[in-house]
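# Working through the structure, step by step
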Amino acid sequence: MAVAVLCVGSVSAQKFARINMQEVIVAMPEFAEMQKNLEAFGKDLQEQMEQIKVEFNNKLADFQKNQATMAASIKQMKQQELEQLQQRFGEFQQIAQQDFQKKEAELLEPVQKKAQEAVNKIAKANGYIAVFNTSVPSLAYFDEAQLTDIAVLVKKELGIVEKPATAAAPAK
């Protein structure tokens, strides 16, 4: 009987916390820099896709304009060229999407790592045995009110300054 009481007593002494990691990461200055770099990368890919589109549209317009006077062999060759260009565009779109996703993961990884290191530091310093990430709910149930939200401490550790809410202007 005494063992059960000791066990229950030690469980209640354990500390648990929660944090919305997505909220913290989005607030980090590194995230804004990552977004800027990702947008530039996406813009470059978009420009390359646009060049292929323009090339295709120019060749298609030329083909449509002159097809009536083309020899059958030339017409067939031009049609194949257009089909190949269209196929190349489709392949480029798929590769560009994959490259974009890879770049996003590559740029996001150090930001996530820095945030996780801050969570680890705060959790250890404050004696938490577990910190639940509420931005990716993976538990069937937990009582948020019973868990300390450590977001403020983690943001402070990361040097994130919360902007004060602007007070409503007094009515005249």
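The structure contained in this document is the topic of the report that follows. (Residues numbered from 1 in each chain as written. Predicted model: local features only at pLDDT ≥ 70, side-chain atom pairs only at ≥ 80, totals over all residues. Heavy atoms only, no water.)

### What about the overall build of the chain?
Helix and strand content of the chain: 5 helices and 3 strands. If you list the helices and strands of the chain from N to C, you get α-β-α-α-α-β-β-α. The buried share of the chain, reckoned over its 172 residues, is 22%. Counting only contacts in the chain whose residues sit at least 6 apart along the sequence, the fraction spanning at least 24 positions is 84%. Accessible surface for the chain amounts to roughly 12700 Å². Of this, 55% is attributable to carbon and sulfur atoms. (Helix = DSSP H or I, 4+ residues; strand = E, 2+ residues; numbered from the N terminus. Buried < 20%, exposed > 50% of the residue type's maximum accessible area, 1.4 Å probe, protein only. Contact = heavy atoms within 4.5 Å. Areas by Shrake-Rupley, 256 points an atom, 1.4 Å probe, with all protein chains shown as cover.)

### Remarks on the nonpolar core
Counting 23 residues, the largest nonpolar core has Ile-19, Ile-25, Met-28, Phe-31, Ile-150, Val-154 and Leu-158 as the members making the most contacts within it. Looking at this core, the element that brings in the most residues is helix 4 (residues 72-125), giving 8 residues. With residues up to four places along the chain from it excluded, the contact list for Leu-158 reads Val-24, Met-28, Lys-114, Ala-115 and Ala-118. Of all hydrophobic cores here, the second largest spans 8 residues; its members include Phe-63, Leu-82, Leu-85 and Phe-89. (Core = buried A, V, L, I, M, F, W, Y, C linked by side-chain atoms within 4.5 Å.)

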